[in-house]
Amino acid sequence: IVAPAAGAVCNAMLQLAALRRLRVLALVRGSERGVWITSTYGHLGTVSAVDISEEDWHSLAASLVDAAPNGEGGADGFVDGCGGQLRAEICRSFLRIRGKVVTFGDIAGAIDEADFGAVAEARLLDVHCEGVQSFCAASDAEAQLQAVIDLMARGKYRPHVWQLVNWRNAAQCLVKQPHWGKFPSQM
């Protein structure tokens, strides 16, 4: 499971997972994002998108990751840049016991640490907080970066840039914007 799937990091995860033929559930907010992901990666047969702003998204997501109401089954992992209440909710409802959680941000707001901690402990989740510093500190960082560059050179991986924004204005992208606004909203 990846969220926010239309963001740059999770979009990269979608592409790399699809190249490896991994089954991925892309969580998005807004049907147009789901349509874009499905039209871009759906032909690979391994990527499904669910709009979490839809009323019935829980049942659709559960069916796509084989999660049962009793807590059995579910996805192997969750790459999360959203945070907020979504992190604990996804881990509680859609991850298998002993699943892996990789977090890299909280664009939807701070998480309830107590709730998430309780879910992680109850489900025996392996939780990692990642970022540029931890990536650069990895012993195989250079090899990982070279592997991605090789994929780009062969035309297998293509980074997506939605819109270039001056750094002085980047914080505005993290605030919900009207559709006619000057800055692209990541919310």
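Attention here is on the structure that accompanies the text. Here the structure is a predicted model, which is why all the values come from computation and not from measurement.

Structural notes on the packing of aromatic side chains
Reasoning step 1: Within the structure shown, the criterion is met by two aromatic pairs.
Reasoning step 2: Measuring from ring centre to ring centre gives 6.0 Å for W36 and Y41, while their planes differ by 90°; the resulting arrangement is edge-to-face.
Reasoning step 3: With a centroid separation of 5.7 Å and 50° between ring planes, the pair formed by W57 and F94 is classed as tilted. With W57 in helix α3 (residues 57-64) and F94 in helix α4 (residues 84-94), this residue pair connects regions lying 37 residues apart in the sequence.
Reasoning step 4: The cationic tip of R87 hangs over the ring face of F116; the distance from NZ or CZ to the ring centre is 5.9 Å.

Quick look at the pattern of salt bridges
Reasoning step 1: Considering all chains together, one arrives at six salt bridges under this definition.
Reasoning step 2: Between R96 and D76 there is a salt bridge, with the nearest N and O atoms lying 2.7 Å from each other. Pair noted here: R96 is in strand β5 (residues 95-103) and D76 is in strand β4 (residues 75-80), with a separation of 20 residues, a long-range link.

Here's the deal with the pairing of strand β3 (residues 47-51)
Reasoning step 1: Sheet topology places strand β2 (residues 24-28) next to β3; five bridges connect them, and they run parallel. Opposite L27, over in β3, you have V50 as the bridge partner.
Reasoning step 2: For the segment spanning β2, helix α2 (residues 31-41) and β3, crossover handedness is right-handed.

Focus on unusual backbone geometry
Reasoning step 1: Here the amide bond leading from A3 into P4 is cis, since omega sits at 0°, within 30 degrees of zero.
Reasoning step 2: Here P4 shows up in the loop between β1 (2-3) and α1 (8-19).
Reasoning step 3: Backbone geometry places R21, a non-glycine residue, at a positive phi of 60°.
Reasoning step 4: Its place among the elements puts R21 in the loop between α1 and β2.
Reasoning step 5: Given the relative accessible area of 55%, R21 is considered exposed.

Regarding α4
Reasoning step 1: Within α4, eight of the eleven residues are buried, leaving the element largely enclosed by the surrounding structure.
Reasoning step 2: Looking at α4, one finds that the buried residues are G84, L86, R87, A88, E89, I90, C91 and F94.
Reasoning step 3: Against β1, β2, α3, β4, β5 and α5 (113-122) lie the buried residues of α4.

Each value, and the rule that gives it
- Residues numbered from 1 in each chain as written.
- Predicted model: local features only at pLDDT ≥ 70, side-chain atom pairs only at ≥ 80, totals over all residues.
- Heavy atoms only, no water.
- Phe/Tyr/Trp six-rings, centres within 6.5 Å; stacked < 30°, edge-to-face > 60°.
- Helix = DSSP H or I, 4+ residues; strand = E, 2+ residues; numbered from the N terminus.
- Lys NZ or Arg CZ within 6 Å of the ring centre and 35° of its normal.
- Salt bridge = Lys/Arg side-chain N within 4 Å of Asp/Glu carboxyl O.
- Pairing = 2+ DSSP bridges.
- Right-handed = clockwise from strand over helix to strand, strands pointing away.
- Buried < 20%, exposed > 50% of the residue type's maximum accessible area, 1.4 Å probe, protein only.
- Contact = heavy atoms within 4.5 Å.

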